[in-house]
Structure formats: C-alpha cells, structure tokens
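# Structural features, examined
Here is how the chains run, residue by residue.
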Amino acid sequence: MSGKIIVIVAPSGSGKSTLIKKMKDDFPELVESVSFTTRPPRDGEVDGVHYNFISKEQFEIMIKDGEFLEWAEVHSNYYGTSKSFVEKQISSGTDLLFDLDVQGTDSFKAYFKERAQAIFIAPPSITELENRLRGRGTESTQVINLRIENSKREILRKDDFDFCIVNDDLDRAYKDLKEIVSKILKK
Ligand code: ADP
Ligand code: 5GP
C-alpha cells in the first residue's frame, strides 16, 4: 500500500468541484474515484465520468452485496465509493482523489488513518454559499434550501480534518490547495 489518498470535503456550494477541476490539470497523476449516486445528473454531467448514476433499487442491492467501501445518505440521495475500484487502484500504488461528504470522510479517516489526508473547503460565509448555490442554478429552490441547511451543520466540522482552506478568493484558495496537495504527494 504505497499510493496517497487525498479527500476533498466541503459543504455543497463552497466551490469544491471548481477547485478539483483545477487540481486535475496540475496533478494529472491523481486518479479521481467516480462515486455511485442516486441523484439525477445535472446538465452536462456524464454517466461514468462525474458519477455512476444508478437507481435507488440498484444502490440498495450494491449495499446488500457489500460493494461499497463507504456510503452515505446526503441531501436525500445515496452516494457511495466502490470498494473494488479503490482496492484495485491501491494495490497498484496509484495516488487517489476523493470528493466526499463529512460522513464519508470520517469513514475514510477511521479506515485509512493518516494515510488519508482530508482537506476541508469552507465557504467565506453561509450567505456567500447561498449566493453560489443559487447562482449555479443546477438545483430546485427546495433542494438548494436543503443543501444550505445541511451546510450549516457541515461547516461546524471545518477544523476536524487535516487541513482547512477558506474559498473566498478562488485564485488564492487554489494556490493554498496546490501547495498542500504538492506536499502530501511528495511525502
Ligand atoms: P461545490 O462543488 O462545492 O458544490 P461548485 O464548485 O459547483 O461547488 O461552486 C458553486 C458555484 O460557486 C459555482 O457556480 C462556481 O462557479 C462558484 N464559485 C466557486 N468558487 C468561487 C469563488 N471563490 N468565488 C466565487 N464563486 C465561486
Ligand atoms: P453533489 O450532489 O453536489 O455532487 O454532491 C453532494 C455531496 O455528496 C458532496 O458533499 C459530495 O462530496 C458528496 N459525495 C459525493 N460522492 C460521495 C461518496 O461516494 N460518498 C460520500 N459519502 N459522499 C459523496
């Protein structure tokens, strides 16, 4: 087991996907795990690339069959990490990137301990997070409201992980993230 495990954890709307997209250009060696989810795809999201989009019934069968390393119910949908994908990549020493909620990150830290390094991305404020979610316009008002409520709880966990970056100015936040990731990968 030699590959590194980097987990990006953040409330919805904090800018995590935007930062991860930049990371993939600078760290092409990092392989991102494609999670399974029961939430519907957003415009532009591709099955098998952004997520493996499956039904609730399929997800429940996968839970029963022990196919997830971890799974969680987030914003009223299921999300889970494929055990076989992670085992295969880890055995070949690949550096892996995960995008997880706080429950999934807690599971990873319990399982992989210090080998998994978790970076929390915090929004500058709840008001700004709300503006970003509404501005992104990918969810209904009802779903946005649910995500904002959940975010308030998740933000309370911001200092519980290995690193925390406040995504106020995108360029500065990315500079901090790049520095942290470079250090983790060099160790
Ligand atoms: P997440 O993946 O955490 O849900 P996104 O990366 O989709 O969040 O970002 C939510 C919205 O906020 C997007 O429209 C994105 O362009 C915008 N955004 C991301 N980072 C910043 C930033 N630092 N300043 C202003 N807007 C941002
Ligand atoms: P979104 O619907 O905005 O893509 O993701 C919602 C939340 O689910 C985010 O916090 C994201 O990190 C989390 N998430 C995505 N994939 C997984 C996964 O496999 N496991 C867990 N626990 N959370 C995930």
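Before reading further, recall that the structure is shown in the block above.
This part is about the pattern of salt bridges. By the definition in use, this model includes 18 salt bridges. Between Glu-139 and Arg-42 there is a salt bridge, with its nearest N and O atoms 2.7 Å apart. You can see Glu-139 sitting in the loop between helix H5 (126-136) and helix H6 (141-155) and its partner Arg-42 sitting in the loop between strand S3 (36-37) and strand S4 (52-53), a full 97 residues away along the chain. Since its relative accessible area comes to 14%, Glu-139 is described here as buried. Judged by its relative accessible area of 17%, Arg-42 is buried.

With that settled, the discussion passes to the site of ligand 1. Around ligand 1, the surrounding shell holds 13 residues, and the nearest of these are Gly-13, Lys-16, Ser-17, Thr-18 and Arg-136. Here Lys-16 contributes a backbone N or O atom positioned 2.8 Å from an oxygen atom of ligand 1. Contacts to ligand 1 include Thr-18, whose side-chain N or O atom sits 2.5 Å from an oxygen atom. In isolation ligand 1 offers 560 Å² of accessible surface; the protein chains occlude 75% of this area. Counting only elements with at least two residues in the shell around ligand 1, the list comes to helix H1 (16-26) and H5.

Of all residues adjacent to ligand 2, which total 18 residues, the nearest are Ser-35, Arg-39, Tyr-51, Tyr-79 and Asp-99. One nitrogen or oxygen atom from the side chain of Arg-42 is found 2.9 Å from an oxygen atom belonging to ligand 2. The contact in question runs from an oxygen atom of ligand 2 to an N or O atom on the side chain of Arg-147, over 2.8 Å. The cavity that encloses ligand 2 is the largest pocket.

Criteria and thresholds
- Residues numbered from 1 in each chain as written.
- Chains lettered and ligands numbered in written order.
- Predicted model: local features only at pLDDT ≥ 70, side-chain atom pairs only at ≥ 80, totals over all residues.
- Heavy atoms only, no water.
- Salt bridge = Lys/Arg side-chain N within 4 Å of Asp/Glu carboxyl O.
- Helix = DSSP H or I, 4+ residues; strand = E, 2+ residues; numbered from the N terminus.
- Buried < 20%, exposed > 50% of the residue type's maximum accessible area, 1.4 Å probe, protein only.
- Near = heavy atom within 4 Å.
- Polar contact = N/O pair within 3.5 Å; in protein donor to acceptor, adjacent residues only side chain to side chain.
- Areas by Shrake-Rupley, 256 points an atom, 1.4 Å probe, with all protein chains shown as cover.
- 1 Å grid on protein atoms, 1.4 Å probe; cavity = no way out; pocket = protein on both sides within 12 Å on 5 of 7 lines; lining within 4 Å.
- Sits in = over half its atoms within 2 Å of the grid points.

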